[in-house]
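Structural description and commentary
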Amino acid sequence: MRRNMVHKLQQQGVRDEWVLSAMRAIERHRFVDSALGGQAYEDTSLPIGLGQTISKPSVVARMAELLRQGAPGKLGRVLEIGTGCGYQAAVLSLLAAEVYSIERLRGLHDKARDNLRHLRVPNLHLLFGDGRIGYAKGAPYAAIIAAAGGDAIPQAWTDQLAVGGRLVAPVSTGAAGVGPQALMVIDKTAVGLRQTVLEAVNFVPLKSGVA
Ligand code: SAH
């Protein structure tokens, strides 16, 4: 089923071999409730509890491919905002030297730790906190990826991005973090930030504080 899922990703235009092999390796069914296991390899988002969802495989692949931007090897340090069930963090752990992943809901932070136990990924660091302030201790990051969308990119994220690094995040195009979202790419160059707005996406909202 997983090979079939990856085959479909290729048909949709995902070319990056690193991304394809990571998605072939990580068992998505282990990150969703067993009642939903039968749908784990369909290209659909699924509930993971506390009103949140696991992103669909095509979106995880698309964002990972954008993050890698064709890099010849592994990325350096990566920051993920919104651990959720830990699936995307597991995929990223195969694409980067170190992954720091932050979740603001204690219940999901704990769930991700349980879900990831079988993988034993020493380069993946799960953090509980408000990801809108990033994680300064791991900075600068080669890449930053958000799985939740607000009305703007928090300045902490671009501050913590390395020069030459790339950030990929959903951003609401309407006021106050509501309305349609688009995928935004920010490249940090020696002369400043370069921003590109891509296709429409549909992520859960980026919220403040912890719960
Ligand atoms: N990548 C995840 C997707 C989870 S959905 C996966 O593979 O399952 C996005 C997650 O972002 C939710 O769990 C939500 O609680 C979390 N989130 C929203 N705002 C946040 C914030 N400010 N800091 C950290 N996590 C946040």
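Described below are features of the structure shown in this document. (Residues numbered from 1 in each chain as written. Predicted model: local features only at pLDDT ≥ 70, side-chain atom pairs only at ≥ 80, totals over all residues. Heavy atoms only, no water.)

**A closer look at the site of the ligand**
In the vicinity of the ligand, 28 residues are found, and the nearest of them are Thr53, Glu103, Asp130, Gly131 and Lys207. Cysteine 85 has a polar backbone atom sitting 3.1 Å from an oxygen atom of the ligand. In the environment of the ligand, a nitrogen atom lies 2.9 Å from a nitrogen or oxygen atom belonging to the side chain of aspartate 130. Notes on the ligand: free accessible area 580 Å², of which the protein chains cover 99%. When contributions to the shell around the ligand are tallied by element, the ones reaching two or more residues are strand S2 (52–54), strand S3 (75–81), helix H4 (87–93), strand S4 (96–103) and strand S11 (204–205). Of the residues forming the shell around the ligand, the biggest block, three residues, is contributed by S2. Taken together, the residues of the shell around the ligand sort by class into 13 nonpolar, nine polar and six charged. (Near = heavy atom within 4 Å. Polar contact = N/O pair within 3.5 Å; in protein donor to acceptor, adjacent residues only side chain to side chain. Areas by Shrake-Rupley, 256 points an atom, 1.4 Å probe, with all protein chains shown as cover. Helix = DSSP H or I, 4+ residues; strand = E, 2+ residues; numbered from the N terminus. Nonpolar A, V, L, I, M, F, W, Y, C, P; charged D, E, K, R; others polar.)

**So, unusual backbone geometry**
Residue proline 140 is reached from alanine 139 by a cis peptide bond, and omega for that bond is 0 degrees. Tracing the chain through its elements places proline 140 in the loop between strand S5 (124–128) and strand S6 (141–146). Located in the positive-phi region is arginine 120, a residue other than glycine, with phi close to 45 degrees. The topology assignment puts arginine 120 in the loop between helix H5 (106–116) and S5. On the basis of relative accessible area, arginine 120 is assigned to the exposed category, the value being 68%. (Buried < 20%, exposed > 50% of the residue type's maximum accessible area, 1.4 Å probe, protein only.)

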